[in-house]
Amino acid sequence: MSNQDWRDSFNFTDADGRRTGVDSVPTGFNGSIDSGNGNLDNIVVQGQYDQPYVYNDLVWQVPNLSSSSINSVSDANQGRRLSFRVTGRVRDLSRELSSAEFNAERFVDFGLGDKLNFETIKFGARFSRESLESIDQRQSLAGIDTSNISDAFLTDNTLSSQQSDYFGGNIPGTFDNTSGWLTIDNALALQMLQQGIETDVNNIPTATSFSTPFPGLVRNRTGFWDQQDRNSGLPTNLGFNFDAEQDILAMYVMSDFGGELGSIPYRGNIGVRHVQTDNTFDGFETQVDERGRNGVAAPVTFEDDYQHTLPMANITFEVHDDVLLRAAYYEGIVRPNLLAQRPTAALRGGNQTVRLDLPTATVRPYEAKNYDISLEWYNREGSAISVGYFKKDITNLFDSEQGFCPDPGTNPIVDRLLGDIERTPGTNGREFGCIQTTPIIDDDGNENLREVNIVAPINVSDTITVEGYEVAIQQKLDFLPYPWNGFGGVFNYTSLDQEGSEVELTRVSPESFNVITYWENDGISLRLSYNWRDDQTLRGANSFLGTNARTRKAIGRLDFVGSYALNEKTKLFLRAFNLTDEIGEEFLGTDERAISRLTYTGRIYQLAVNYRF
């Protein structure tokens, strides 16, 4: 339930179907939120209603096939608007993966004597097929009996009353059951809301007079009806319902070689891999008339294929008995997730705005050329010190173009679903806007030139260069007398830098390190590890998290893992995570005062028994 209302007025349709303009009445809530710039000691949330809301025995709007929310305006609540909504989506996925492969190796002996000798020839092939079925439905309130909406499924039994205190008690009295916060008993709400729900779609009203119930509309596995777009009359998430099949045939040939460069022996391998990818998608194409109405879900098949030839080479020089110099070059690809590759467009709109997500199945893999070199010193058995340099040239990264507004006649999908559109002067920092030039006429007879938001998936042609270095130290102190010989430690440090494109890899830290210390003896293993990473850039997400790019603040935490082997088959484990009780922080852009999210897991302890049969 929601009782915020920031508008001066809104349209309200009563239970008898009468549509009127209703002035908004302030909620009567007075309060404030102070994020404390992320400092838990300074966070303050306070507020109260001048007059509490009444939730029982209210008259609600009649939900239609496009309703995710309904309103009640009642004298019992002094004319204040109360909203009730069911949101989210239900996505059922089915995946199947099958594969077969063949590998062969022949030992050979040819080359240039001791200087270069090829020792083996290896070749093979692997075929894999992944099949995916995606059923995607948007939750709606269609067909529910609104008399079942009440405070019966509101409860103060929040998680903080069942588990540990909210944020471990670091923000006392702010977001817990002692300060008036309520939650929904979801199981009870589902049960109550579906008592008497209409089971015949033809008996549920549509959002507009010109639309009819979609014949294929069904209730999802949670019991609620799928949602229908108010203008096209098609299921809202129609474009996310599809079958996909991806066939990958990879063939390779490679050779191991060795020799001596002067007095320095070396070994390595060289080869090439050829990968053929064939994609087939079956979905539903949205077809509408020039006014965006009378939608038809037309079955459509989209096929796409591409191939890549990927060379690789590795070489290791034995500079000294315990010093190795390694170098490598290899090329690779990363395909888009099959689930993210929709074969058709997804159209969702109302009277004022319309959003068109163009097909994503046209996006190709991104490609990378990788260069590595490292120097390693094995100073003792089980111990090593190494330093390495790496470089990656990445092209064709996945991205989406927001605010896409093509000229008429240049994009057939846009032309078919939206008709003529044109650019308008930009607002709110945008370079330009986009509107339909053919007006939509709503049920009140108003002509609306809808604001258009088109999202176009793209491969970025620019090249991103990621380069950096790594330092790794692993030392066993087994040369010491018992019990000190069980001690050891590991240290890893990575530093990297990105350049060359406005699009950057997200969730990547410029610096990170981890330190591990351990003791292992007599079947006992005790291990402490501290992991730290620098700031990370995150992409803008949905409206809940904010659409602007965010920064995930640097953080480090201490973990512990201990085990004891009772015998050859049984081992006891004790694990402890986040012993330093860290709190994750995210802020908008680069301003640490603009807190976007705080994440708290607390200290977590696990006790486990592992038995091997």
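Quantities reported herein were computed from a predicted structural model and do not represent experimental measurements.

Cut-offs used in this document
- Residues numbered from 1 in each chain as written.
- Predicted model: local features only at pLDDT ≥ 70, side-chain atom pairs only at ≥ 80, totals over all residues.
- Heavy atoms only, no water.
- Helix = DSSP H or I, 4+ residues; strand = E, 2+ residues; numbered from the N terminus.
- Buried < 20%, exposed > 50% of the residue type's maximum accessible area, 1.4 Å probe, protein only.
- Contact = heavy atoms within 4.5 Å.
- Areas by Shrake-Rupley, 256 points an atom, 1.4 Å probe, with all protein chains shown as cover.
- Lys, Arg positive; Asp, Glu negative; His and termini not counted.
- Charge placed at Lys NZ, Arg CZ, Asp CG, Glu CD.
- 1 Å grid on protein atoms, 1.4 Å probe; cavity = no way out; pocket = protein on both sides within 12 Å on 5 of 7 lines; lining within 4 Å.
- Points joined across faces, edges and corners; volume = space filled by probe spheres on them.
- Nonpolar A, V, L, I, M, F, W, Y, C, P; charged D, E, K, R; others polar.
- Core = buried A, V, L, I, M, F, W, Y, C linked by side-chain atoms within 4.5 Å.
- Patch = residues over 30% accessible without salt bridge, like charges linked within 9 Å, V, L, I, M, F, W, Y side chains within 5 Å.
- Salt bridge = Lys/Arg side-chain N within 4 Å of Asp/Glu carboxyl O.
- Arc of directions from axis to C-beta.
- Disulfide = S-S within 2.5 Å.
- Phe/Tyr/Trp six-rings, centres within 6.5 Å; stacked < 30°, edge-to-face > 60°.
- Polar contact = N/O pair within 3.5 Å; in protein donor to acceptor, adjacent residues only side chain to side chain.
- Pairing = 2+ DSSP bridges.
- Axes fitted to C-alpha atoms, helices over the stretch in contact; angles between N-to-C directions.
- pLDDT = per-residue confidence, 0-100.

### A word on the overall build of the protein
Step number 1: Across its full length, the protein holds three helices and 35 strands.
Step number 2: For the protein, the C-alpha atoms occupy an extent of roughly 95 × 60 × 55 Å along the three principal directions.
Step number 3: Sorting the 613 residues of the protein into buried and exposed places 38% on the buried side.
Step number 4: For the protein, restricting intrachain contacts to residue pairs at least 6 apart in sequence, the fraction spanning at least 24 positions comes to 64%.
Step number 5: Carbon and sulfur atoms make up 51% of the accessible area of the protein, which totals about 33,800 Å².
Step number 6: Separation between the mean location of the 52 positive side-chain charges and that of the 86 negative ones in the protein comes to 3 Å.

### Some words on empty space enclosed by the protein
Step number 1: Taken as a whole and assessed by the stated rule, the structure comprises one cavity of 30 Å³ or more.
Step number 2: Approximately 40 Å³ is the volume found for the largest cavity.
Step number 3: Lining the largest cavity, in full, are S232, L234, P235, T236, L238, G239, T286, A345, A346 and L347.
Step number 4: Here the lining of the largest cavity is built from residues that sort into six nonpolar, four polar and no charged.

### A short note on the nonpolar core
Step number 1: Of all hydrophobic cores here, the largest spans 26 residues; its most connected members are W60, F84, I144, I149 and L193.
Step number 2: Secondary structure elements with two or more residues in this core: strand 6 (81-85) and helix 2 (186-193).
Step number 3: Looking at which element gives the most residues to this core, the answer is helix 2, with three residues.

### A look at the environment of L154
Step number 1: Within the element layout of this structure, L154 appears in strand 9 (residues 154-155).
Step number 2: Between the alpha carbons of L154 and L182 there is a distance of 6.4 Å; along the sequence they are 28 residues apart.
Step number 3: Aside from chain neighbours lying at most four places away, what touches L154 is Y55, L182, T183 and I184.

### As for a negative patch on the surface
Step number 1: Taken together, the side chains of E133, D243, D278, D282, E303 and D305 define an acidic patch exposed on the protein surface.
Step number 2: Looking at the negative patch, the elements with two or more residues in it are strand 12 (264-287) and strand 13 (296-320).
Step number 3: Relative to the helices and strands, D243 is located in strand 11 (residues 242-261).
Step number 4: Given a relative accessible area of 35%, D243 falls into the partly exposed group.

### Overview of helix 2
Step number 1: Looking at helix 2, one finds that the buried residues are A189, M192 and L193. For helix 2, the arc enclosing every buried residue in end-on projection is 90 degrees, short of the 170-degree limit, so these residues lie on one face. For helix 2, exposure combined with an orientation more than 90 degrees from the buried face picks out A187 and Q191.
Step number 2: Buried positions along helix 2 lie against strand 6 and strand 10 (183-184).

### Brief notes about the state of the cysteines
Step number 1: Tallying each qualifying case throughout the model produces one disulfide.
Step number 2: Each sulfur in the disulfide pair C405 and C434 lies 2.1 Å from the other. On the S-S bond that ties C405 to C434, the torsion sits near 70 degrees, and the link is right-handed. Here C405, found in the loop between strand 19 (397-402) and helix 3 (412-418), pairs with C434, found in strand 21 (residues 432-436); they are 29 residues apart in sequence, far enough to count as distant. The burial state of C405 is the same as that of C434; both residues are buried.

### Quick word on the packing of aromatic side chains
Step number 1: According to the stated counting rule, one finds 18 aromatic pairs in the structure shown.
Step number 2: With centroids separated by 6.2 Å and ring planes inclined at 55 degrees, the aromatic side chains of F84 and F153 adopt a geometry described as tilted. With F84 in strand 6 and F153 in the loop between strand 8 (117-138) and strand 9, the pair connects residues that are 69 residues apart, well separated along the chain.
Step number 3: Taking the relative accessible area as the measure of exposure, F84 reaches 3% and is therefore buried.

### Re the side chain of N370
Step number 1: The topology assignment puts N370 in strand 17 (residues 366-380).
Step number 2: Polar contacts involving the side chain of N370 include one to the side chain of K392, which spans 3.2 Å.

### Here we look at the pattern of salt bridges
For side chains of opposite charge, pairing can occur when their charged atoms come near one another.
Step number 1: The tally for this structure, following the rule as stated, stands at 20 salt bridges.
Step number 2: For E586, the salt bridge goes to R552, with nearest N and O atoms at 3.4 Å. One end of the pair, E586, is in strand 33 (residues 583-588); the other, R552, is in strand 30 (residues 550-552), and 34 residues separate them in sequence.
Step number 3: In this structure R552 comes out as partly exposed when scored by relative accessible area, which is 22%.
Step number 4: Within the structure, one salt-bridge network assembled from shared partners comprises R89, R91 and D136.

### Quick look at the sheet that holds strand 33
Step number 1: Pairing within the open sheet is antiparallel, and its four strands lie in the order 29-30-33-34. Each edge of the open sheet is held by one strand with a lone partner, namely strand 29 (536-538) and strand 34 (595-600). Strand after strand, the sheet turns through a mean of 25 degrees between neighbouring axes, direction not considered.

### Thoughts on the confidence of the model for the protein
Step number 1: Across the protein, the average pLDDT comes to 88, with 93% of residues at or above 70.
Step number 2: Low pLDDT, under 50, characterises residues 4-8; the stretch is placed with ten contacts to residues that sit more than four places away or in other chains.

### Quick word on unusual backbone geometry
Step number 1: For the bond running from Y482 to P483, omega is 5 degrees, close enough to zero to count as cis.
Step number 2: Mapped onto the elements of the fold, P483 is located in the loop between strand 25 (464-476) and strand 26 (487-499).
Step number 3: We note that R507 has phi near 60 degrees; this positive angle belongs to a residue other than glycine.
Step number 4: In this fold, R507 is placed in the loop between strand 26 and strand 27 (511-521).

### Observations regarding the pairing of strand 18 (residues 383-395)
Step number 1: Where strand 17 lies against strand 18, twelve bridges are found, and the strand directions are antiparallel. The partner of E367 across the bridge, within strand 18, is T395.
Step number 2: Across eleven bridges, strand 18 lies against strand 25 in antiparallel orientation. Among the inter-strand pairings, K392 is bridged to a residue of strand 25, identified as V466.

### Here's the deal with the pairing of strand 33
Step number 1: For strand 33, the buried fraction is high: five of the six residues fall into the buried class.
Step number 2: Sheet topology note: the strand 30/strand 33 ladder contains three bridges and is antiparallel. Within strand 33, the residue paired with R550 across the bridge is L588.
Step number 3: As judged from the five bridges shared by strand 33 and strand 34, these two strands associate in the antiparallel manner.

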